[in-house]
Amino acid sequence: MSVAGSAARHAALLCTEAVPDAVRMSCVGDVVRIEVPEADFHIRLEAVSDAVTRLRFHVTFREDKPAGGTWWSSREIEVPAGPGSAPVGRALAAEIRRSRDTFTHAVSEAPPLVSTA
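Residues numbered from 1 in each chain as written. Predicted model: local features only at pLDDT ≥ 70, side-chain atom pairs only at ≥ 80, totals over all residues. Heavy atoms only, no water.

Colleague: Help me understand the packing of aromatic side chains, please; the structure alone is not making it clear to me.
Modeller: The description of two aromatic rings rests on the distance between their centres and on the angle between their planes. For the coordinates displayed, the defined rule picks out three aromatic pairs. A centroid spacing of 4.6 Å and a plane angle of 15° characterise the contact between Phe 61 and Phe 103, whose relative ring orientation is stacked. Taken together, the positions of Phe 61 in strand 5 (residues 52-62) and Phe 103 in helix 2 (residues 86-109) put the pair 42 residues apart, joining distant regions of the chain. In this structure, Phe 61 and Phe 103 share a single accessibility class: buried. One aromatic cluster is present, formed by Phe 41, Phe 61, Trp 71 and Phe 103 through successive ring pairs. (Phe/Tyr/Trp six-rings, centres within 6.5 Å; stacked < 30°, edge-to-face > 60°. Helix = DSSP H or I, 4+ residues; strand = E, 2+ residues; numbered from the N terminus. Buried < 20%, exposed > 50% of the residue type's maximum accessible area, 1.4 Å probe, protein only.)

Structure, rendered in structure tokens:
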């Protein structure tokens, strides 16, 4: 784990609550990078003002099956708080959990692929 800058203020929360199964995590400057078994998260914390932080999520999801698919997702949310604040940490953790849950549900509900060859 690498830790520095405003993103570092969220490292402990992310490790213990949001992604305890992280394979790798880096919180450097205003960027959080997290690798979990099924995805890679790249999150940029941008101070819109003193009282608002924009979180830019770019996520690559990988299906854990032979010839499994790969999906990309981008999302922005704004949190009414500064980049190093507890509300931003909670928003990061909640969005990571939500993204992972959504992906897991979508993959488990998808019908099997049928070969037409």
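Colleague: Please clarify how the confidence of the model for the protein should be interpreted in this entry.
Modeller: Keep in mind that low pLDDT regions are not for reading the predicted coordinates in detail. For the protein, per-residue confidence averages 85 on the pLDDT scale, and residues scoring 70 or more make up 89% of the total. For the protein, strand 1 (residues 2-3) is the element with the lowest average pLDDT, namely 53, and strand 5 is the one with the highest, namely 95. (pLDDT = per-residue confidence, 0-100.)

Colleague: Before we go on, may I ask you to explain the environment of Leu 55 in this structure?
Modeller: By the secondary structure assignment, Leu 55 is in strand 5. Overall, the relative accessible area of 0% leaves Leu 55 in the buried class. Placed 11 residues apart in sequence, Leu 55 and Arg 44 show a C-alpha to C-alpha distance of 5.7 Å. Setting aside chain neighbours within four positions, we find Leu 55 in contact with Ile 43, Arg 44, Leu 45, Arg 75, Glu 76, Ile 77, Val 79, Val 88, Ala 91 and Leu 92. (Contact = heavy atoms within 4.5 Å.)

Colleague: Help me out: how do you make sense of the nonpolar core in this one?
Modeller: The tendency in soluble globular proteins is for nonpolar side chains to be buried as a group. Core analysis: the largest hydrophobic core is formed by 28 residues, its most contacted members being Leu 14, Ile 34, Phe 41, Ile 43 and Leu 55. Of all the secondary-structure elements, those providing two or more residues to this core are helix 1 (11-18), strand 2 (24-28), strand 3 (31-36), strand 4 (39-49), strand 5, strand 6 (70-79) and helix 2. (Core = buried A, V, L, I, M, F, W, Y, C linked by side-chain atoms within 4.5 Å.)

Colleague: Is there a simple way to think about the side chain of Ser 99 in this case?
Modeller: Looking at the secondary structure, you find Ser 99 in helix 2. Ignoring any residue separated from it by four or fewer positions in sequence, one finds Ser 99 in contact with Phe 41 and Phe 61.

Colleague: Can you walk me through the pairing of strand 5 in this structure?
Modeller: Regular strands place side chains that alternate from one sheet face to the opposite one. Burial along strand 5 is one-sided: Thr 53, Leu 55, Phe 57, Val 59 and Phe 61 are buried, while Val 52, Arg 54, Arg 56, His 58, Thr 60 and Arg 62, pointing the other way, are not. Sheet topology note: the strand 4/strand 5 ladder contains 10 bridges and is antiparallel. Looking across to strand 5, one finds that Ile 43 is bridged to Phe 57. The hairpin turn running from strand 4 into strand 5, its antiparallel successor, is two residues long. Across 10 bridges, the pairing between strand 5 and strand 6 is antiparallel. When the bridges of strand 6 are listed, Thr 53 appears paired with Val 79. (Pairing = 2+ DSSP bridges.)

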